[in-house]
Amino acid sequence: MSKVTEVSHPLILHKLAYIRNKETGAKDFRQLVEEVSMLMAYEVTRDLPMEEVDVQTPICTTKCKMLAGKKMAIVPILRAGLGMVDGMLSLIPAAKVGHIGLYRDEETLQPVEYFCKLPQDIAEREVIVVDPMLATGGSSADAITLLKKRGAKNIRLVCLIAAPEGIKCVTDKHPDVDVYVASIDEKLNENGYIVPGLGDAGDRLFGTK
Ligand SMILES: O=P(O)(O)OC[C@H]1O[C@H](OP(=O)(O)OP(=O)(O)O)[C@H](O)[C@@H]1O
Ligand SMILES: O=c1cc[nH]c(=O)[nH]1
Ligand SMILES: [Mg+2]
């Protein structure tokens, strides 16, 4: 069964309020998405395996804990997921980055795949899929299916804003995948947009439309 974590830290909620505000321009929007992603990286890596090592301090030798060298990959769903990569990398600098290109057809709301480039050893990596928006869940669920077809076994999903419908879709299709979100919003509207949401994340990040 998937674990769903809503990371309601005060700093995240404060920044999310600016991100949601329609008056926030692309420059600030990008900066804030990066900052919240960094804070989310802290939460999604909470249970990474550790190992004990001997460290010589200026005073004596002591046992310390360090990451056990688990290899990681960050996989943004294009385009909007790109906005979360630098924030994640600032805390997990050794991660490799894969890219999955999907857009949501405006009429059918079904995801359409147009690009996929993954680290060749993706099957051995702990994979963090990032996309700011989890609406119907179709895009994230398809991206995870694609990763599994390429051999990935340990996958987590990090989103900023999710609709209950999207969480249900992903966790029903991929019960082995844990989901981390900054906010679970109320619902989807008739156009498949998250309410209250933030609008179209890709357009706001890149200044399109
Ligand atoms: O859960 P879903 O209903 O699939 O919707 C969520 C998807 O929609 C947005 O991408 P979009 O299709 O707008 O592409 P973009 O990032 O290029 O703007 C968003 O970034 C997700 O990938
Ligand atoms: O609310 C939504 C839904 C899908 N994609 C977005 O960017 N925003
Ligand atoms: Mg978009």
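None of the values given here were measured: they were computed from a predicted structure.

A.B. asks: Explanation requested: the site of ligand 2 in the structure shown.
C.D. replies: Around ligand 2 sit Arg104, Met133, Ala135, Gly192, Tyr193, Ile194, Gly199, Asp200 and Ala201, and that is every residue in its neighbourhood. At 2.8 Å, a backbone N or O of Ile194 approaches an oxygen atom of ligand 2. Note that a nitrogen atom of ligand 2 is positioned 2.8 Å from one of the backbone N or O atoms of Gly199. Protein chains bury 89% of the 230 Å² of accessible surface belonging to ligand 2 in isolation. Assessed atom by atom at 2 Å from the grid points, ligand 2 resides in the largest pocket. Classifying every residue of the shell around ligand 2 gives five nonpolar, two polar and two charged.

A.B. asks: What's the story with the packing of aromatic side chains in this structure? I'm lost.
C.D. replies: Centre-to-centre distance and the angle between the planes together describe a pair of aromatic rings. Per the counting criterion, the structure on display carries one aromatic pair. Residues Tyr103 and Tyr114 carry aromatic rings whose centres are separated by 6.1 Å and whose planes lie at 35° to one another, so their mutual orientation is tilted. A residue pair is termed long-range when its members are at least 10 positions apart, and Tyr103 in strand β6 (residues 99-104) and Tyr114 in strand β7 (residues 111-117) qualify at eleven residues. Assessed through its relative accessible area of 43%, Tyr114 is described here as partly exposed. One cation-aromatic arrangement involves Arg104 over Tyr193; the distance from NZ or CZ to the ring centre is 5.5 Å.

A.B. asks: Help me understand the pattern of salt bridges, please; the structure alone is not making it clear to me.
C.D. replies: Taken as a whole and judged by the stated rule, the model has 14 salt bridges. Between Asp54 and Lys63 there is a salt bridge, and its shortest N-O distance comes to 2.8 Å. There is no split in this pair, since Asp54 and Lys63 are both exposed. Several salt bridges share partner residues, and in doing so they unite Lys71, Asp121, Glu124 and Arg125 into one network.

A.B. asks: Honestly, the pairing of strand β4 (residues 72-78) in this entry has me stumped. Any pointers?
C.D. replies: In summary, the side chains of a regular strand alternate between the two faces of the sheet. Counting buried positions over the seven residues of β4 gives seven, a clear majority of the element. Summarising the sheet, β4 and strand β8 (residues 126-130) pair through five bridges and their orientation is parallel. Residue pairing in the sheet places Pro76 in a bridge with Val130 of β8. Note: β4 against strand β5 (residues 96-97), two bridges, orientation parallel. Following the sheet pairing, Ile74 is matched in β5 by Val97. Handedness of the β4-helix α3 (residues 85-91)-β5 crossover: right-handed. Here two bridges tie β4 to β6, and the two strands are oriented parallel to one another. Residue pairing across strands places Leu78 opposite Gly101, the latter belonging to β6.

A.B. asks: Honestly, a nonpolar patch on the surface in this entry has me stumped. Any pointers?
C.D. replies: Among the surface-exposed residues, Met38, Tyr42 and Leu91 lie close enough to one another that they form a single nonpolar patch of about 300 Å² accessible area. Structurally, Leu91 can be placed in helix α3.

A.B. asks: What's the story with the UniProt feature "binding site: uracil" (unreviewed entry) in the protein chain in this structure? I'm lost.
C.D. replies: Those places that UniProt annotates as "binding site: uracil" (unreviewed entry) correspond, in this numbering, to Ile194, Gly199, Asp200 and Ala201. Narrowing the list just given to those that line the largest pocket leaves Ile194, Gly199, Asp200 and Ala201. The buried category is assigned to Ile194, whose relative accessible area is 8%. With respect to the element layout, Ala201 can be found in helix α6 (residues 201-206). According to the relative accessible area criterion, Ala201 is buried, its value standing at 4%.

What counts as what
Residues numbered from 1 in each chain as written. Chains lettered and ligands numbered in written order. Predicted model: local features only at pLDDT ≥ 70, side-chain atom pairs only at ≥ 80, totals over all residues. Heavy atoms only, no water. Near = heavy atom within 4 Å. Polar contact = N/O pair within 3.5 Å; in protein donor to acceptor, adjacent residues only side chain to side chain. Areas by Shrake-Rupley, 256 points an atom, 1.4 Å probe, with all protein chains shown as cover. 1 Å grid on protein atoms, 1.4 Å probe; cavity = no way out; pocket = protein on both sides within 12 Å on 5 of 7 lines; lining within 4 Å. Sits in = over half its atoms within 2 Å of the grid points. Nonpolar A, V, L, I, M, F, W, Y, C, P; charged D, E, K, R; others polar. Phe/Tyr/Trp six-rings, centres within 6.5 Å; stacked < 30°, edge-to-face > 60°. Helix = DSSP H or I, 4+ residues; strand = E, 2+ residues; numbered from the N terminus. Buried < 20%, exposed > 50% of the residue type's maximum accessible area, 1.4 Å probe, protein only. Lys NZ or Arg CZ within 6 Å of the ring centre and 35° of its normal. Salt bridge = Lys/Arg side-chain N within 4 Å of Asp/Glu carboxyl O. Pairing = 2+ DSSP bridges. Right-handed = clockwise from strand over helix to strand, strands pointing away. Patch = residues over 30% accessible without salt bridge, like charges linked within 9 Å, V, L, I, M, F, W, Y side chains within 5 Å. UniProt positions renumbered as here; feature names shortened; annotations may be inferred.

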